[in-house]
Number of protein chains: 2
Amino acid sequence: MKQKNATLIARLQSGEAIIGIVGMGYVGQPLALRYSEVGFNVLGFDIDAEKVQQLNAGHSSIEHIDDAELTKAVANGLSVTDDFSRAAEVDAIILCVPTPLNKYREPDLSFVIDSVDRIVPFLRSNQIISLESTTYPGTTEEEIIPRIISGGLQVGEDIFAVYSPEREDPGNADFTTKTIPKVIGGHTPACLEAGHALYKPAIEHIVSVSSTKAAEMTKLLENIHRAVNIGLVNEMKIVADQMGIDIFEVIDAAATKPFGFTPYYPGPGLGGHCIPIDPFYLTWKAREYGLHTRFIELSGEINQNMPAYVYGKLSGALNERGKSVNGSHILVLGIAYKKNVDDMRESPSVQIMELIKSSGGKLAYSDPHVPTFPKMREHKFELSSTSLTPESLRQFDAVVLATDHAAFDYEMIHENAALIIDSRGIYRDGGDHIVKA
Amino acid sequence: MKQKNATLIARLQSGEAIIGIVGMGYVGQPLALRYSEVGFNVLGFDIDAEKVQQLNAGHSSIEHIDDAELTKAVANGLSVTDDFSRAAEVDAIILCVPTPLNKYREPDLSFVIDSVDRIVPFLRSNQIISLESTTYPGTTEEEIIPRIISGGLQVGEDIFAVYSPEREDPGNADFTTKTIPKVIGGHTPACLEAGHALYKPAIEHIVSVSSTKAAEMTKLLENIHRAVNIGLVNEMKIVADQMGIDIFEVIDAAATKPFGFTPYYPGPGLGGHCIPIDPFYLTWKAREYGLHTRFIELSGEINQNMPAYVYGKLSGALNERGKSVNGSHILVLGIAYKKNVDDMRESPSVQIMELIKSSGGKLAYSDPHVPTFPKMREHKFELSSTSLTPESLRQFDAVVLATDHAAFDYEMIHENAALIIDSRGIYRDGGDHIVKA
């Protein structure tokens, strides 16, 4: 007897299949480009009509995505639409939409649910749906599957469903969509098999797990591990600082141990769309079982307090010099959430800026990746990036090194800044005008 | 002008120097053998007269130290004494004594202090003292240096002092005393230079840090990192278990991420002389600064609860089968604290055994590395290792897999045990008689 998934798998293997990608952001765009690169026709879906137009014109809004590559993909058949009825045209629907937290730190699945609700009326046999958005264990089983079957299709028979978490790391030069192994869990064995056929043409290594919820938990564990390890070194930084020890020196020394230790570095707090947010998806789900996720809560508490810690170091250092934050000219270096990217999401630099502003500091920033302060939902600064020169640096009472972009001229900064609050361990040897924060 | 440390360094470089090692245990013995191997005369010191006699006769009490190697070292001049006045004979004094916790979970430096007090009357110019015992930042400055100078010698001028933490990992086949990089901090620059000369003949890579307290903190950070990461996966295990997810499968899948994730595995609790103990040295010292080390406290709490968690799984599984722990025949597999070693220190298996015994279980154990249950300060079991055969296994109502020695025949155990409580993720596929714990 012919396997139910045979038609779909054959189309994926032959390259005839059309790949639909829902949500054309940090995850969807590189994935679309990768499928295009290996010869598939790709149809992107996005609710943002302006972004749809831009992408079809070959313009990406993401710094590390090359417009030339996008233009080439468009020439090869990539197109983007805001018409979700076209879901009927594609063989695969890969959901790459955001999964943020609401203001009560609870999962906000509205983008996922909304996307699924838009496509459900147009689903048909011989399709596969893959959710890539980070979410709590049970989301696929509890939220996706019931919606798919509400249209009358049987999952594992007519249509197939997998969960396969995205592992994008913008700015990581060592790994790409192609070379980062992809974890996948199927709702049924036939779903898993179809999922393999979906990702095999685009991704070098595929790692199967036994269920969608195991795959959902995998992504959370990765980011929980990171949030907790950063929380730990942030706590250790505070302790070491009080003891007169440089935590960066200690971490580097510990990292020479060839087993049992992996270095994580402290900083001004967590940023980005994953690490500060994802762990709380598990915290929320665990409550249903009467369980507490105490490591997640503790790292959240410590990491969220780091901008205030850095601000405290700034304020203390100014005070020692007989100055107040109020009225001082303060330059924040690096406002993207991490090194060498333009991504401002959840950036702790912005928290520090808010603290300085609310205390009356005269604020400026410099970030080669962020020429003007972007529109953000909760923050508003009418600023553009100050260019760094010996003269411009000398105008400030203090410089807060928040994000350690490679493009900064650290020596020039060292020579010309009156006071540097260093939250990134750049200036290890210290000096009278360096305050480790 | 001749450097103050020149005489000492010359003797270390030429190989004429005599290396004194205080505390001939898990750390002192391999280090003594290593110095002997590279041609130094080594004089070991230990307060245990029986151990002194055994070592001089070429018998090590440590399973992974080969008597033949020890006998060869003795033939080449290694000798061990309990006469601390002979400290005057050696050029270097390396302290490798235990640093446990007292029953209030406070640092117990008595072995360090006692050793130093014994040698101080015999110290002389042109010697170096290195403390290798794990301890809190400030120990060398606050406890060792004042005792050395109490004899009238000047540290950094007459005599030299460094802190260089041991990184022994018994049972690790990939790294030895020679190949594990050694971190070292000097009390003065001349001390650090002398410390380099001390370790360079024996250790391939030496890593300097700026102070003894930075070196002290380095060792603590390594073990805190490990304790916290194990605590985290133990908490995740409990959550995943309730959600019907196998945490071992999830960790293995997460470990396929080529950056940002390092796998740690859950288990029945922490054991050994380092991980359950060392972190609390920092906790204690941090109190002096009014600080809390909350990650350490949390991992301590979670890890210390794991034997009870495993016991709860045992008790629950027996209960489902209509049995009580009271009166049931229960076999604990693996009582050493970790895989493939004979080391019983702080072993969580013993905690599980205590819980079973106090509930009236009829207890047996099997451990190829521990033929009879050793004398322990706080535990007493009149037991010897049960040999594992299909017949012997069938006599037990339950088997608790606590330590996953390679020597166990897991297939045979699987086939013949009525019920297996698996705390090590050996039996991933489960089965009716497997309970993941």
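Residues numbered from 1 in each chain as written. Chains lettered and ligands numbered in written order. Predicted model: local features only at pLDDT ≥ 70, side-chain atom pairs only at ≥ 80, totals over all residues.

Peer 1: Talk me through the overall build of chain A; I want residue IDs and the actual numbers.
Peer 2: Of the regular secondary structure elements, chain A holds 15 helices and 13 strands. In summary, chain A has a C-alpha radius of gyration of 24 Å against a globular reference of 22 Å for 437 residues, a match within 12%. In terms of its C-alpha atoms, chain A occupies a principal-axis envelope of roughly 80 × 50 × 40 Å. When burial is assessed residue by residue, chain A has 52% of its 437 residues classed as buried. The contacts of chain A with a sequence gap of at least 6 include a subset with a gap of at least 24, amounting to 69%. (Helix = DSSP H or I, 4+ residues; strand = E, 2+ residues; numbered from the N terminus. Rg over C-alpha atoms; globule rule 2.2 N^0.38 Å. Buried ≥ 20, exposed ≤ 12 C-beta atoms within 10 Å, placed from the backbone. Contact = placed C-beta atoms within 7 Å.)

Peer 1: Break down the sheet that holds strand β4 (residues 92–95) of chain B for me, with residues and values.
Peer 2: All names here are of chain B. Spatially, eight strands are ordered β3-β2-β1-β4-β5-β6-β7-β8 in an open sheet, and the strand pairing comes out mixed. Lying at the two open borders of the sheet, with one neighbouring strand each, are β3 (79–81) and β8 (206–209). The mean inter-strand angle of the sheet, taken between neighbouring strand axes irrespective of direction, is 25°. In terms of strand pairing, β4 meets strand β5 (residues 127–131) through four bridges, oriented parallel. (Pairing = 2+ DSSP bridges. Axes fitted to C-alpha atoms, helices over the stretch in contact; angles between N-to-C directions.)

Peer 1: Break down the pairing of strand β9 (residues 329–333) of chain B for me, with residues and values.
Peer 2: All names here are of chain B. Counting buried residues along β9, four of its five residues qualify, which places the element largely inside the surrounding structure. Inspection of the sheet shows β9 paired to strand β10 (residues 362–366) by five bridges, in the parallel sense. Across the sheet, the residue bridging to V332 is Y365, located in β10. For β9 and strand β11 (residues 398–401), the ladder comprises four bridges, and the chain directions are parallel. Among the inter-strand pairings, V332 is bridged to a residue of β11, identified as V400.

Peer 1: Got a sec to walk through the confidence of the model for chain A? Specific residues and values, please.
Peer 2: Chain-level statistics for chain A give a pLDDT mean of 96 and a share of 100% at 70 or above. Taken together, the chains of this predicted complex give a pTM of 0.95 and an interface ipTM of 0.95. (pLDDT = per-residue confidence, 0-100.)

Peer 1: Tell me about the domain arrangement of chain A, and name the residues and values.
Peer 2: All names here are of chain A. Domain annotation for chain A reports domain 1 (6–219) and domain 2 (305–436). Computed over C-alpha atoms, the centres of domain 1 and domain 2 are 38 Å apart. Taken together, the contact between domain 1 and domain 2 spans four residues of the former and seven residues of the latter. (Domains from an automatic or database assignment.)

Peer 1: I'd like a description of the packing of helix α6 (residues 139–150) of chain B against helix α8 (residues 212–242) of chain B, backed by residues and values.
Peer 2: All names here are of chain B. At a minimum axis distance of 8 Å, the contact between α6 and α8 shows a crossing angle of 120°. Classed by the angle they form, the pair α6 and α8 counts as oblique. Contacts between α6 and α8 pair T139, T140 and E141 from the former with T212, K213 and E216 from the latter. Looking at side-chain class alone, the contact of α6 with α8 contains no nonpolar, three polar and three charged residues. (Parallel < 35°, antiparallel > 145°, perpendicular 65-115°, else oblique. Nonpolar A, V, L, I, M, F, W, Y, C, P; charged D, E, K, R; others polar.)

Peer 1: I'd like a description of helix α8 (residues 212–242) of chain A, backed by residues and values.
Peer 2: Residue and element names in this part refer to chain A. Its 31 residues place the ends of α8 46 Å apart at the C-alpha level, agreeing with the 45 Å of an ideal helix rising 1.5 Å per residue. With respect to burial, α8 is a largely interior element, 29 of its 31 residues being buried. G244 occupies a position one or two residues after α8 and carries a positive phi of about 75°. (Expected span 1.5 Å × (residues − 1).)

Peer 1: Would you mind going over the relation of the copies chain A and chain B in detail, with residue names and values included?
Peer 2: Both copies of the chain are related through a single rotation about an axis accompanied by a shift along the same axis. Superposing chain A onto chain B takes a rotation of 180° combined with a translation of 0.0 Å along the rotation axis, leaving an RMSD of 0.0 Å. Interpreted geometrically, this transformation is the action of a two-fold axis. Mapped onto chain B, 98% of the interface residues of chain A are again interface residues, and the two copies thus contact each other with one and the same surface. (Least-squares fit on C-alpha atoms with pLDDT ≥ 70 in both.)

Peer 1: Requested: an account of the environment of L12 of chain A, with residues and values cited.
Peer 2: You can see L12 of chain A is positioned in helix α1 (residues 6–14). Along the primary structure L12 of chain A and Y199 of chain A are separated by 187 residues, whereas in three dimensions their C-alpha atoms are 9.0 Å apart.

Peer 1: Tell me what's going on with the interface of chain A and chain B, and back it up with residues and numbers.
Peer 2: Across the boundary between the two partners, chain A contributes 52 residues, which contact 51 residues of chain B. For the side of chain A that touches chain B, the secondary-structure elements that each account for two or more residues are β8 (206–209), α8, α9 (247–254), α10 (279–287) and α11 (294–304) of chain A. Looking at the side of chain A that touches chain B element by element, the count peaks at 17 residues for α8 of chain A. In the side of chain A that touches chain B, the residues fall into 31 nonpolar, ten polar and eleven charged.

Peer 1: Describe the pairing of strand β7 (residues 182–186) of chain A, listing the residues and the values that go with them.
Peer 2: Residue and element names in this part refer to chain A. Within β7, five of the five residues are buried, leaving the element largely enclosed by the surrounding structure. In β7, alternate side chains face the same way, and those of K182, I184 and G186 on one face and V183 and G185 on the other are all buried. As defined by bridge partners, strand β6 (residues 159–163) adjoins β7 across two bridges and the pair is classed as antiparallel. Bridging from a neighbouring strand, V162 pairs with G186 of β7. As paired elements, β7 and β8 share four bridges and run parallel to each other. Note on β8: the bridge partner recorded for K182 is I206. The parallel pair β7 and β8 is bridged by helix α7 (residues 189–199), and the resulting crossover is right-handed. (Right-handed = clockwise from strand over helix to strand, strands pointing away.)

Peer 1: Requested: an account of unusual backbone geometry, with residues and values cited.
Peer 2: Generally, phi is negative for residues other than glycine and the peptide bonds are trans, each holding for most cases. Residue and element names in this part refer to chain B. A positive phi angle is found at R105, which is not glycine, with a value near 60°. Looking at the element boundaries, R105 is found in the loop between β4 and α5 (110–119). For R105, a count of 12 C-beta atoms within 10 Å translates into the label exposed. With phi around 65°, N340 is a residue other than glycine that occupies positive phi space. Structurally, N340 is set in the loop between β9 and α13 (348–358). The exposure class of N340 is partly exposed, given the 19 C-beta atoms found within 10 Å.

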